Amino acid sequence: MSGTGVKRTPFFKILIANRGEIALRIMRSARRLGYGVVAVYSDADRDALHVREADQAVRIGEALPAQSYLKIDAIIAAAKASGAGAVHPGYGFLAENEDFAQACRDAGFVFIGPSPEAIRAMGNKAGAKDIMQRAGVPCVPGYQGADQSDAVMLAEARAIGFPVMIKAVAGGGGRGMRLVADAAAFPDALRGARSEAQGAFGDPGVILERAIVDPRHIEIQVFGDRYGNAIHLGERDCSVQRRHQKLIEEAPSPAVTPALRAQMGAVAVQAVKAIGYEGAGTLEFLLDRDGHFYFMEMNTRLQVEHPVTEAITGLDLVELQLRVASGQPLGLTQDDITFSGHAIEVRLCSEDASHDFMPQSGTMARWQMPDGIRVEHALRSGSEIPPFYDSMIAKVISHGATRDEARGKLICALEQVTAFGVTTNQGFLIDCLRHPIFAKGEATTAFIGQNGDALLASRADRASDAALAALLLYVTNCYAPPWQGGRSLAATFPLGLRIDLGHGVQEIEIVRERNGSYLVTRNGDRFSLEIDELGPDSIRFRRNGLMESARFLRDGDRLFILHRGVTLSVRDLTLAPPESANAAGGDGKVRAAMNGRVVAVLVKAGDKVAAGQPVMTLEAMKMEHVHTAGVAGTVSAIDVAEGEQVTTGKIVVEIEVDKQAA
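What counts, and at which threshold
Residues numbered from 1 in each chain as written. Predicted model: local features only at pLDDT ≥ 70, side-chain atom pairs only at ≥ 80, totals over all residues. Heavy atoms only, no water. Phe/Tyr/Trp six-rings, centres within 6.5 Å; stacked < 30°, edge-to-face > 60°. Buried < 20%, exposed > 50% of the residue type's maximum accessible area, 1.4 Å probe, protein only. Lys NZ or Arg CZ within 6 Å of the ring centre and 35° of its normal. Helix = DSSP H or I, 4+ residues; strand = E, 2+ residues; numbered from the N terminus. Pairing = 2+ DSSP bridges. Arc of directions from axis to C-beta. Contact = heavy atoms within 4.5 Å. 1 Å grid on protein atoms, 1.4 Å probe; cavity = no way out; pocket = protein on both sides within 12 Å on 5 of 7 lines; lining within 4 Å. Points joined across faces, edges and corners; volume = space filled by probe spheres on them. Nonpolar A, V, L, I, M, F, W, Y, C, P; charged D, E, K, R; others polar.

Points about the packing of aromatic side chains
- By the definition in use, this model includes twelve aromatic pairs.
- A ring pair is formed by phenylalanine 285 and phenylalanine 293, whose centres lie 5.4 Å apart and whose planes are at 90 degrees; its orientation type is edge-to-face. Grouping residues by exposure puts phenylalanine 285 and phenylalanine 293 together as buried.
- Among the aromatic residues, those joined into a cluster by ring pairs are Tyr69, Phe93, Phe388 and Tyr389.
- Positioned above the aromatic ring of phenylalanine 339, the side-chain terminus of arginine 261 is 6.0 Å from the ring centre.
- Above the plane of the ring of phenylalanine 438 lies arginine 403, whose end atom (NZ or CZ) is 4.6 Å from the centre.

Side note on unusual backbone geometry
- Residue proline 163 is bonded to the preceding phenylalanine 162 through a cis peptide linkage, with omega at 5 degrees.
- Position of proline 163 relative to the elements: it lies in the loop between helix H7 (150-160) and strand E7 (164-168).
- Between alanine 251 and the following residue, proline 252, the backbone shows a cis peptide bond with an omega angle of -5 degrees.
- With respect to the helices, strands and loops of the structure, proline 252 is situated in the loop between strand E12 (245-251) and helix H9 (258-274).
- One non-glycine residue, phenylalanine 357, lies in the positive phi region at around 55 degrees.
- Along the chain, phenylalanine 357 turns up in the loop between strand E16 (351-352) and strand E17 (358-359).
- Overall, phenylalanine 357 belongs to the buried group, its relative accessible area being 9%.

With respect to the pairing of strand E25 (residues 505-512)
- With six bridges connecting them, strand E24 (residues 495-500) and E25 associate as antiparallel partners. Along E25, the bridge assignment pairs leucine 495 with isoleucine 510.
- Taking the residues that link successive antiparallel strands as the turn, the E24-E25 hairpin has four residues, and the phi of glycine 502 there is positive, at about 100 degrees.
- Relative to strand E26 (residues 518-522), E25 runs antiparallel, the two being bridged by four bridges. Paired with glutamate 509 across the strands is threonine 521, a residue of E26.
- Taken together, E25 and the strand that follows it, E26, pair antiparallel across an intervening segment of five residues, in which glycine 516 is found at a positive phi of about 95 degrees.

Things to note about helix H15 (residues 447-455)
- Looking at H15, one finds that the buried residues are Phe447, Ile448, Asn451, Gly452 and Leu455. Along H15, the residues classed as buried sweep out an arc of 160 degrees about the axis, all on the same side. Across from the buried face of H15, at angles greater than 90 degrees, the exposed residues are Gly449, Gln450 and Asp453.
- Among the structural elements, strand E11 (230-242), E12, helix H13 (426-434) and helix H14 (436-439) are those in contact with the buried residues of H15.

Structural notes on empty space enclosed by the protein
- Summed over the entire model, instances satisfying the criterion amount to three cavities of 30 Å³ or more.
- Approximately 70 Å³ is the volume found for the largest cavity.
- Every residue lining the largest cavity is listed: Arg216, Asp237, Ser239, Val240, Ile248, Glu249, Glu250, Arg403, Phe438, Gly441, Glu442 and Ala443.
- Residues that form the lining of the largest cavity fall into these classes: four nonpolar, two polar and six charged.
- Taken as a whole, the second largest cavity spans an internal volume of roughly 60 Å³.
- Of the residues in the lining of the second largest cavity, the class split is four nonpolar, two polar and four charged.

Encoded structure:
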């Protein structure tokens, strides 16, 4: 199935059929090997960094993936127009689409990945499970039949036994995946999974699997060439996930012994040899508490988390892809693969962890990554983060002689990440890395679910955060007298501030004292703050005798602060009128919680709805988010249509409040 009978045409220029950080990552290795690089872009990415860094760039369509990055004919036309000889799909979008691989072959382009036949065999979850079962590889019990009717799917779910997992047959990355606890929740979960799978991969097909309780998610990196050679590069532990999407990955796994690594690696190599697999691939397994592993699926592409394997093996996986695609033998045997130290990667995402990981989009006003550590990203200060694509905006990767060293380096690096303007999961990632369960190497796929309250708990020193925010708002106000160090001739009168740190309005009082320090009071809590040094974007201060520092950015009435690894966004509401609108929908108006596309309107005008009832589904950054009624009443107006793109805060459904409920 590797396509060894296909004639290979030498290539000197590569079109990268992707965007963002992976496009830049591929460019880096391609250029080092002497290849020219071509980018493609949607209207939303016209000024993106991967476009600016490429030798050439070709527009392929409008913002939505279905109108650009998923358009096979547009990408093939771009490759022809640019004179490219090969196409690298990256990951996501069309990377595991056999029709795309076939279209590249038919057009005379080298597809930098496995053959269409191999993608069809292993990229489809249902087909891959059949192949593995015939080969005697342990698989999770489930249903992968052709009959996808609602009735059959529910009957099969009952036969498997709840809880069950619904999974899209195509693609990966957690899209089209739902954990279903009981039969009552199954129909809605099935609809959501199908809709998400159709939007992300163009295929609504799903399979069912029994849910393995609290497993480890272990994957084996494999490589094969057209001459029948195949090796594995060890395992990665990807157990820390939210919404079935990985957040933290590491290699090697704390739970895998050398004997188990050899066993799982042998199974993976046997599988890819059986189908003559060519290029990079990953076999994913669930590892239960007793050390038994079950095949889940194969990703027939490069993985997001490939840098941790590169770190411990010293290999460049993109270089290996390019060499294999050019017709060269792999040039490595299993005995050549050695492992050194430990590596951990985190996915920095534009999402609000404290609000159900809701995706965030907008302008990244200031973007600065730490030095001395590997960071994969495609942003700069002023970059726009569009709502149409994945929420991952960067990967931060550390490598150390031991796991603890790698973990410590990563925490220190994350504390230095400056991301002002769009909310990220920076602080949440730090809390995960610091958590005792993760620190001991005991995290399973249930880690975030079981420890969510602790991980998402408000900072214990919120009052001191408010004090620092108030001080910075005061001294950076364009109408305030310039700050000068040293003593003041006289103390100032108390000044009242109203600020919002994202969890409600807080009343603050601030006074500058004779000795030059500031006394900040909030709800009876008093903090003495003394400024040692104030720059245009940083402050060094003493708080109750303890010297600290922070970075900041003042943007009108909004202030962004990076302090001890946590980014704060504060608004100055001192002169603002009280907000009367109820953003949660208590006034009967349901507002879009983020920029996104309406994929389902679940009610119609005249319908009676209960408080909390779903009324609309919005898709943002490839994830669906159900919006609910804030009050009980009658739907008086639907202000959007399916397929419409909406902005944050737009009224989408209006409800006339029931007089009895009122």
